[in-house]
Amino acid sequence: ISKQMKLVAELIAAKDQRGNGVNRDVFTVYMGGFDGHSELKATMNNRLPALDNAIKKFWMEMKAQGISERVTVVIGSEFGRTTTMNSNRGSDHGWGGNYFAFGGDIKGGR
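Engineer: Can you help me understand a nonpolar patch on the surface in this one?
Structural biologist: Residues L7, L11 and F27 make up a contiguous nonpolar surface patch of about 230 Å² in total accessible area. Inspection of the secondary structure puts L11 in helix α1 (residues 2–13).

Shown next, in the form of structure tokens:
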């Protein structure tokens, strides 16, 4: 995920070189390995630090480029999980996905 987000940061930095007419970009990155039907705690302990590090580095780069007020990050999951543990110390598919967003024009706390 870090490599993907680094590439996004590089593409953002090269926006002026990519031609006229582009006033908004949307980039998608992917990180799998969260389907925790068993040993969910171990799965999260293994996967979340890499995600945290990638987001942190990306956001630091957006600040270094001076554009963090114009960038919005949305992170989501394609499916929800149950809130109760199953018999394998994991969770099963549930309802609704997980999303969070931060950045430029997000007006949180309302």
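Moving on from the coordinates now.
Engineer: Teacher, can you tell me more about the layout of surface pockets here?
Structural biologist: Remark: the empty space left among the atoms is shown by a probe the size of a water molecule rolled over them. A volume near 1,600 Å³ is recorded for the largest pocket. Surrounding the largest pocket, 44 residues form its lining, F27, V29, V73, V74 and I75 being those nearest its centre. Mapped onto the lining of the largest pocket, the elements with two or more residues apiece are α1, α2 (40–64), β1 (72–76) and β4 (99–103). Broken down by element, the residue count for the lining of the largest pocket peaks at seven residues, all from α2. Tallied by class, the residues present in the lining of the largest pocket amount to 25 nonpolar, ten polar and nine charged. Forming the walls of the second largest pocket are S2, M5, K6, A9, E10, A13, A54, K57, F58, E61 and Q65. The set of elements that each furnish at least two residues to the lining of the second largest pocket consists of α1 and α2. Looking at the lining of the second largest pocket element by element, the count peaks at six residues for α1.

Engineer: Even after reading the chapter, I still don't get α1, so can you show me in this structure?
Structural biologist: One turn of the α-helix equals 3.6 residues, which is why residues spaced by three or four share an orientation. Taking 1.5 Å of rise per residue, the twelve residues of α1 would be expected to cover 16 Å, and the 16 Å separating its terminal C-alpha atoms lies within 8% of that figure. Those residues of α1 not exposed but buried are M5, V8, A9 and I12. The buried residues of α1 occupy an angular sector of 100° when projected down its axis, which confines them to one face. Summarising the geometry of α1, the exposed residues directed more than 90 degrees from the buried face are K3 and K6. In this structure, the buried side of α1 is in contact with α2.

Parameters and conventions
Residues numbered from 1 in each chain as written. Predicted model: local features only at pLDDT ≥ 70, side-chain atom pairs only at ≥ 80, totals over all residues. Heavy atoms only, no water. Patch = residues over 30% accessible without salt bridge, like charges linked within 9 Å, V, L, I, M, F, W, Y side chains within 5 Å. Areas by Shrake-Rupley, 256 points an atom, 1.4 Å probe, with all protein chains shown as cover. Salt bridge = Lys/Arg side-chain N within 4 Å of Asp/Glu carboxyl O. Helix = DSSP H or I, 4+ residues; strand = E, 2+ residues; numbered from the N terminus. 1 Å grid on protein atoms, 1.4 Å probe; cavity = no way out; pocket = protein on both sides within 12 Å on 5 of 7 lines; lining within 4 Å. Points joined across faces, edges and corners; volume = space filled by probe spheres on them. Nonpolar A, V, L, I, M, F, W, Y, C, P; charged D, E, K, R; others polar. Expected span 1.5 Å × (residues − 1). Buried < 20%, exposed > 50% of the residue type's maximum accessible area, 1.4 Å probe, protein only. Arc of directions from axis to C-beta. Contact = heavy atoms within 4.5 Å.

These figures capture arrangement, not role.
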